[in-house]
Amino acid sequence: MAFLQDYIYYIGAFGLVFIGLFIMLTKHNLIKVIIGLSILETGVNLFLISVGYITNGTAPIFSKPGLNVREMVDPVPQALVLTAIVIGLAVLALVLALSIRLYKHFGTLDLRKIKELKW
Amino acid sequence: MVNPVLLIVVPIGLAFLTPILRFISKKWVKFIPVLGFIFNLAVSISLIPAAIHDPLIVKLGGFAPPFSIVLVVGPVGILFATLISLAGVLVSFYALSYIKEGPQQKYHMLYMLLLAGATGVVLTGDIFNLFVFFEILCISSYALVAYLGNKAGIESAIKYLIQGSIGSSLLLVGIGLLYGYFGTLNMADIASQIGTVDASRLFIPMALMITGLGIEAAIFPLNAWLPDAHSSAPSSISAILSGIAIEVGLYAVIRVLFTLFDVSSFLLFMLVLGVVTLIIGELCAMSQKNIKRMLAYSSIGQIGLIVFAFSLSSNFGVGGGLFQMISHTLSKALLFLAAGFMIYKTGSMEISSFEGIGRKMPLTALLFTIGTFSLVGLPPFVGFASKFMIIRAALAKGEMLYTLLIGLVLLATVIEGSYFFKVIQVMYFKGSKTGITKSESPITGLIPMIIFASLIIFIGVYPEFIMGIINPAASELIDKFSYIRSVLG
């Protein structure tokens, strides 16, 4: 139980990453693949946050006098996650725009039926 | 002295100004990238002497290195920055007459963003910053692959995007793990503390980062997107993707392997991976009927050769790898640019449709031939000098295994020769088709191709011209302690 309590965020984060990867690898509908990508990115962001998180820690900017460094949450991963979220948003917007065009060309979003290019 | 940060800021600034400047004059928008990259080329050339002597450290946040983001303009960084700006100038000049359809100002905006991202990747000294610039590069190349908006373009852009974004996520997990271990994002700082963590725990972040970056670099099992994306993009973008984007991806792999981690136990794996990539790329290229797909597969092969050269891990081998990167950029960019106008002329990408084009477009066909000769490695051209350097470095190892691998590398070169000479034979010696009038490519298209070709011949005849920058660059990659010292002080 102690293991579960200590590592619950990591377990959740990697759980999301693997769920996302599984969806991307097994689904044939492009929209589902994009949902998988979004879940994968959420998992990565959660992982980055949990790297710097301390249970019951406070933000360093509100630190009371006499507060120990060990009780403050590391702010750097949170800045990283902000950037990663913005990048993820850009990718998501682009891929959705592309899938609209794909649907106009092929009339389907089933990736098994889209075979314009071959090896 | 000029601040190196301008190399990144100017293209990004111009890129975001482009949609606004469009309202003033639609006709002049296409000259913005030319001007921007001429400026970049001038700045990077003026920085070369200082950067070779002692790496320039630019503190972007004003704090001393382990904190805030730094740019490290060392020999490797300035070598790649110069190469990127050179290709940027020439290809944007080519695009003046090549890009005629579609939303042009968006093309020029994304083009500048792509190259700004590439410059950022090679100059940054911060691992998360590397990720951000890498994403700028990737996202703009996804959009540019889909630029023509036809079936093939959209399909390959989606393939590229899905695979590329899995790669970036893996890279980000790797960076997160490294931050968890070391509490720092500065590459030199991580490199100096790498010995304090058990090697078995470092394997996972290393594998994640190499896989993530390897997708962009198209190392063998991760190269499925490359032939589609490079053949469906407009030719000027194929030239940049083949000449710059994958080389930058490979630079990032090499930087992570050589500077961040201790690679010595990993080199044999990379060596074999390089040779496998080389053989597979060349074999697939041989069976292609489509000229751009053939060039794209040949890029995979060249990437394999460069990985092989770097994994030799001697001063000479790494130098050979860097030299081969330069030679590949020049030759492959020239080939794609020449192929672009030949495709315009014949209206088809099939190699068989190029029959007799050697007589209809003599200069373009001649430039294409120079590119193929250089890529195969015939003597007066730059490809010979770089391949010779790699083979010599491998022979200097003096072990049975290396001799065997050299045999395979040379075999791959023979395969490369066979399919490139087949194209040349079709161009010059097969019956000429009627219906194509005799006319050259436009002059703005010819000038950059001629500059590429003359650089190929000039450096091929006189390799010492760039040895002065390749040697310090190779020792920067090999000797990570001097890199750490120069960054952390």
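Residues numbered from 1 in each chain as written. Chains lettered and ligands numbered in written order. Predicted model: local features only at pLDDT ≥ 70, side-chain atom pairs only at ≥ 80, totals over all residues.

A short note on the overall build of chain B
When helices and strands are tallied, chain B shows 20 helices and two strands. Its C-alpha atoms give chain B a radius of gyration of 21 Å, within 12% of the compact-globule value 23 Å for 489 residues. Overall, chain B is about 70 × 65 × 40 Å in size when its C-alpha atoms are taken along their principal axes. Partitioning the intrachain contacts of chain B with sequence separation of at least 6 by distance along the chain shows that 80% fall at a separation of at least 24. (Helix = DSSP H or I, 4+ residues; strand = E, 2+ residues; numbered from the N terminus. Rg over C-alpha atoms; globule rule 2.2 N^0.38 Å. Contact = placed C-beta atoms within 7 Å.)

Section: the overall build of chain A
Summing up its helical and strand segments, chain A has three helices and zero strands in all. Reading chain A from its N end, one meets helices and strands in the order α-α-α. In summary, chain A has a C-alpha radius of gyration of 20 Å against a globular reference of 14 Å for 119 residues, an excess of more than 25%. In terms of its C-alpha atoms, chain A occupies a principal-axis envelope of roughly 65 × 30 × 20 Å. Each of the 119 residues in chain A was classed as buried or not, and the buried ones make up 25%. The contacts in chain A between residues at least 6 apart in sequence include a share of 55% that link residues at least 24 apart. (Buried ≥ 20, exposed ≤ 12 C-beta atoms within 10 Å, placed from the backbone.)

Structural notes on the interface of chain A and chain B
On the chain B side, the residues contacting the 26 residues of chain A number 26 residues. Elements represented by at least two residues in the side of chain A that touches chain B include exactly α2 (30–52) and α3 (76–106) of chain A. Residue contributions to the side of chain A that touches chain B peak at 14 residues, all from α3(A). A class-by-class count of the residues in the side of chain A that touches chain B yields 20 nonpolar, three polar and three charged. (Nonpolar A, V, L, I, M, F, W, Y, C, P; charged D, E, K, R; others polar.)

Concerning helix α13 (residues 315–346) of chain B
For an α-helix the count is 3.6 residues per turn, leaving residues at separations of three or four pointing the same way. Residues and elements named next belong to chain B. Taking 1.5 Å of rise per residue, the 32 residues of α13 would be expected to cover 46 Å, and the 46 Å separating its terminal C-alpha atoms lies within 8% of that figure. Most of α13 is tucked away, with 27 of its 32 residues classed as buried. After α13 finishes, the residue Gly-347 shows a positive phi value of roughly 75°. (Expected span 1.5 Å × (residues − 1).)

A short note on unusual backbone geometry
All names here are of chain B. One non-glycine residue, Ser-68, adopts positive backbone phi at about 55°. In this fold, Ser-68 is placed in the loop between β1 (56–59) and β2 (70–73). Its identity as a non-glycine residue notwithstanding, Ser-313 has a phi of 60°, on the positive side.

A closer look at the nonpolar core
Residues and elements named next belong to chain B. Of all hydrophobic cores here, the largest spans 208 residues; its most connected members are Ala-118, Val-121, Leu-137, Leu-334, Ala-338 and Ile-456. The dominant element in this core, judged by the number of residues it contributes, is helix α10 (residues 235–260), at 17 residues. If near-sequence neighbours (up to four positions away) are discounted, Ala-118 is found in contact with Ile-84, Leu-137, Ile-244, Ala-245 and Val-248. (Core = buried A, V, L, I, M, F, W, Y, C linked by C-beta atoms within 7 Å.)

Describing the confidence of the model for chain A
When the pLDDT values of chain A are averaged, the result is 86; 93% of them are 70 or greater. Mean pLDDT values for the elements of chain A range from 89 in helix α1 (residues 2–26) of chain A up to 93 in α2(A). (pLDDT = per-residue confidence, 0-100.)

Points about the environment of Leu335(B)
Residue position: Leu335(B) is located in helix α13. With 33 C-beta atoms packed within 10 Å, Leu335(B) lands in the buried category.

Quick look at helix α4 (residues 104–123) of chain B
Taking 1.5 Å of rise per residue, 20 residues should cover 28 Å, and α4(B) covers 29 Å from first to last C-alpha, within 8% of that figure. Counting buried positions along α4(B) gives 17 out of 20 residues, so the element sits mostly inside the fold.

So, the pairing of β2(B)
Successive residues of a regular strand alternate their side chains across the two faces of the sheet. Residues and elements named next belong to chain B. Of the two faces of β2, the one lined by Val-70 and Val-72 and the one lined by Leu-71 and Val-73 are each fully buried. Pairing geometry for β1 and β2, over four bridges, is antiparallel. Looking across to β2, one finds that Ile-57 is bridged to Val-72. (Pairing = 2+ DSSP bridges.)

A closer look at the environment of Ile300(B)
Residue and element names in this part refer to chain B. Mapped onto the elements, Ile-300 comes out in helix α12 (residues 291–311). When the 25 C-beta atoms within 10 Å are taken as the criterion, Ile-300 is described as buried. C-alpha separation for the pair Ile-300 and Glu-282, spaced 18 residues apart in sequence, amounts to 7.7 Å. Contacts of Ile-300, omitting those with residues within four sequence positions, involve Ala-218, Asn-223, Leu-226, Thr-277 and Gly-281.

Structural notes on the packing of α10(B) against α13(B)
Two packed helices can be described by the angle between their axes and the distance between those axes. Residue and element names in this part refer to chain B. Between α10 and α13, whose axes approach to 8 Å, the crossing angle comes to 165°. Judged on the interaxial angle alone, α13 and α10 are roughly antiparallel. Between α10 and α13 the crossing geometry is right-handed. Contacts between α10 and α13 involve Ser-235, Ser-236, Ser-238, Ala-239, Ser-242, Gly-243, Ile-244 and Glu-247 from the first element and Met-325, Thr-329, Lys-332, Ala-333, Phe-336, Leu-337, Ala-339, Gly-340 and Ile-343 from the second. Of the residues assigned to the contact of α10 with α13, the class counts are eight nonpolar, seven polar and two charged. (Axes fitted to C-alpha atoms, helices over the stretch in contact; angles between N-to-C directions. Parallel < 35°, antiparallel > 145°, perpendicular 65-115°, else oblique. Left-handed = near helix turned anticlockwise from the far one by under 90°.)

Description of the confidence of the model for chain B
All names here are of chain B. With 99% of its residues at a pLDDT of 70 or more, chain B has an overall mean of 89. Within chain B, helix α14 (residues 357–360) has the poorest average pLDDT of any element, 83, and helix α5 (residues 127–145) the best, 93. This prediction of the complex comes with two scores: 0.93 for pTM and 0.93 for ipTM.

Some words on the packing of helix α11 (residues 267–286) of chain B against helix α17 (residues 400–429) of chain B
Residues and elements named next belong to chain B. Remark: α11 packs on α17, axes separated minimally by 9 Å, with the N-to-C direction vectors making an angle of 20°. Relative to α17, the element α11 lies roughly parallel. As α11 runs across α17, the sense of the crossing is left-handed. In contact with Leu-271, Val-275, Leu-278, Ile-279, Glu-282, Leu-283, Ala-285 and Met-286 of α11, α17 contributes Leu-405, Leu-408, Val-409, Ala-412, Ile-415, Glu-416, Ser-418 and Tyr-419. The residue makeup of the contact of α11 with α17, split by class, is 13 nonpolar, one polar and two charged.

Some points on the environment of Leu366(B)
Along the chain, Leu366(B) falls in helix α15 (residues 362–376). Separated by 87 residues in sequence, Leu366(B) and Ala453(B) place their C-alpha atoms 9.8 Å apart.

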